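Listed below, chain by chain, are the residues.
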Amino acid sequence: MKAMESVMQKVSSTPAFARIAPKVVPRLDKAVHRLSGGRFMLSQWMLPSLFLTTTGRRSGEPRVTPLACLPQGETFLVIGSNFGRTSHPAWTGNLLADADATVDHRGKVVRVRGRLLTGTERADAWAALLRMWPPYATYQARVDREIRIFRLEPVP
């Protein structure tokens, strides 16, 4: 498994992956999730993963996005790496416009509020995320934006 993880980290750090993955990976995750009755995601075999449902900032419609995550107790760290592409992913703008969202993690749906991390809290989260998935450093080096990191916290 470690060898496969190493290969995937190398592949995911390439510019070609950044072009192809955003078109393919979310679709595969959604299909596997649907076919498994909400029990599995393709990505979860490499990284902890969840489905985040935000409200579209322009449309007002629900937007479901499969994301890698770092569970931390009852909260989750999620990162707007966008596979190392130059723009922020849409879900981050949606969370900035309306922080209320839902998370589907391993079949459990929870209402959350997303909080953009800054300062020391962001630095600590960044270090933790790099330990989980080192290619995030390659993504950051490739773009002229600070990659957004959010903490998703459960709401009553």
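Here the structure is shown first, and the text comes after it.
Owing to the predicted nature of the structure, the values given are computational and were not obtained by experimental measurement. (Residues numbered from 1 in each chain as written. Predicted model: local features only at pLDDT ≥ 70, side-chain atom pairs only at ≥ 80, totals over all residues. Heavy atoms only, no water.)

(A) Up close: helix α4 (residues 119–132). Helix length check: α4, at 14 residues, gives a terminal C-alpha distance of 20 Å against a target of 20 Å (1.5 Å per residue), a fit within 8%. The set of residues buried in α4 consists of R122, A125, W126, A128, L129 and M132. Looking down the long axis of α4, one finds its buried residues gathered within 170° of arc, a one-sided arrangement. Exposed side chains of α4 directed beyond 90 degrees from the buried face belong to T120, D124 and R131. Where the residues of α4 are buried, they touch β3 (70–72), β4 (75–79), α5 (135–142) and β7 (149–154). (Helix = DSSP H or I, 4+ residues; strand = E, 2+ residues; numbered from the N terminus. Expected span 1.5 Å × (residues − 1). Buried < 20%, exposed > 50% of the residue type's maximum accessible area, 1.4 Å probe, protein only. Arc of directions from axis to C-beta. Contact = heavy atoms within 4.5 Å.)

(B) Focus on the pattern of salt bridges. For the coordinates displayed, the defined rule picks out five salt bridges. Salt-bridge contacts for E153 lead to R115; the nearest nitrogen and oxygen are separated by 3.0 Å. With a gap of 38 residues between them, E153 in strand β7 and R115 in strand β6 (residues 108–116) connect regions that are remote in the sequence. The class of E153 is partly exposed, set by a relative accessible area of 25%. Note that R122 and E146 form a salt bridge whose closest N and O atoms lie 3.5 Å from each other. Residue R122 is located in helix α4, and its partner E146 is located in the loop between α5 and β7; the two are separated by 24 residues in the primary sequence. Judged by its relative accessible area of 53%, E146 is exposed. (Salt bridge = Lys/Arg side-chain N within 4 Å of Asp/Glu carboxyl O.)

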